[in-house]
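Architecture and fold: a report
The chain contents come next:
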Amino acid sequence: AQSVTQLDSHVSVSEGTPVLLRCNYSSSYSPSLFWYVQHPNKGLQLLLKYTSAATLVKGINGFEAEFKKSETSFHLTKPSAHMSDAAEYFCVVSEGSKGSTLGRLYFGRGTQLTVWP
Amino acid sequence: GAGVSQSPSNKVTEKGKDVELRCDPISGHTALYWYRQSLGQGLEFLIYFQGNSAPDKSGLPSDRFSAERTGGSVSTLTIQRTQQEDSAVYLCASSPRSGSSYEQYFGPGTRLTVT
C-alpha cells in the first residue's frame, strides 16, 4: 500500500533563506511522486513530479526535489524563499508504478509554509 | 484554455437533505477524480472515472455517496441524507488518461457545509 508522511506540519522561514519541506513515502513498487501547492482559497497546483527519470526534479517557481530510494524520501527545496511562496504544500504518491493505468493519489497531511519579511 | 470547473463553489445545506456537486473537466481529458479535503482527514480519494466507467469506487465513505459521469465529460457527485461529518471541500481533478504518470489538474473545489 502507498502512504506519505510529511514530517513537519508547519515550517517558518525568513524571506531569502532556504526552504526544506520533508517527505517520506511508502510504496509497494517504484512510485510516481508529486508535490502540489495550495494557496489560500485556490485550487491545488502541481509544482513538480518524479516518474522514474532523473532523480533530481526541477519544478516551477524555483522549487526542486530529490528522489532518494534508499531513504524513501522526496524532500522539496528552494534556495531562497519569497513571500509569495507562503502556502500549504502536499507531498503525493500515485497508486501505481510507471506505466500503470491506476491513478489514485495518496496525499500527505500537508506542510504550511510561512515566510517572514 | 479552460481549466477544471466545479459548481457550486459553496453549498450550505441542512442535515438530511440531498446535494449534487458538479465537475466539468478539461476538454479531452478521459480520466476524472473526486477527492475530499477535511480538517480531520486531510485529502482523501473518493472515486475515479475512466471515460464513463468507475473502476475504483473504494474511497466512497458510505452508500449515501454516489457519482456518475456522462458523455465522458461532466461528472456529478451526489450525497444523500447529508450528515455534519460530510462537511468538507470536495475537489475534482482530471487528467488526459488514468495512470500514475499523468498530472491531475484540480478544480477550485466545492465547499459543503451541513448544518
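Above this text you will find the structure in question.
This structure is a prediction, so every number in the text was calculated from the model and none was measured. (Residues numbered from 1 in each chain as written. Chains lettered and ligands numbered in written order. Predicted model: local features only at pLDDT ≥ 70, side-chain atom pairs only at ≥ 80, totals over all residues. Heavy atoms only, no water.)

**Things to note about the pattern of salt bridges**
In the structure shown here, the tally under the stated rule is 7 salt bridges over all chains. Residue Asp8 of chain A pairs with Arg22 of chain A through a salt bridge whose shortest N-O separation is 3.0 Å. One end of the pair, Asp8 of chain A, is in the loop between strand 1 (3-6) and strand 2 (10-14); the other, Arg22 of chain A, is in the loop between strand 3 (19-21) and strand 4 (23-26), with 14 residues separating them in the sequence. The shortest N-O distance in the salt bridge between Asp24 of chain B and Arg22 of chain B comes to 2.8 Å. The exposure class assigned to Asp24 of chain B is partly exposed, which follows from its relative accessible area of 22%. (Salt bridge = Lys/Arg side-chain N within 4 Å of Asp/Glu carboxyl O. Helix = DSSP H or I, 4+ residues; strand = E, 2+ residues; numbered from the N terminus. Buried < 20%, exposed > 50% of the residue type's maximum accessible area, 1.4 Å probe, protein only.)

**With respect to the pairing of strand 4 of chain A**
The side chains of a regular strand alternate, first on one face of the sheet and then on the other. Residues and elements named next belong to chain A. Burial along strand 4 is one-sided: Cys23 and Tyr25 are buried, while Asn24 and Ser26, pointing the other way, are not. Examined bridge by bridge, strand 1 and strand 4 share 4 bridges and lie antiparallel to one another. Within strand 4, the position partnered with Ser3 by the bridge is Ser26. (Pairing = 2+ DSSP bridges.)

**Re the interface of chain A and chain B**
Accessible area lost during the coming together of the parts is what is often quoted as the interface size. Counting residues at the interface gives 24 residues for chain A, matched by 22 residues for chain B. Buried surface at the junction of chain A and chain B, summed over both partners, amounts to about 1,800 Å²; 48% is from carbon and sulfur atoms. Where chain A meets chain B, there are 1 salt bridge. Ionic pairing is found between Arg104 of chain A and Asp56 of chain B, a salt bridge with its closest N-O pair at 3.8 Å. (Contact = heavy atoms within 4.5 Å. Buried area = accessible area lost by both parts, 1.4 Å probe.)

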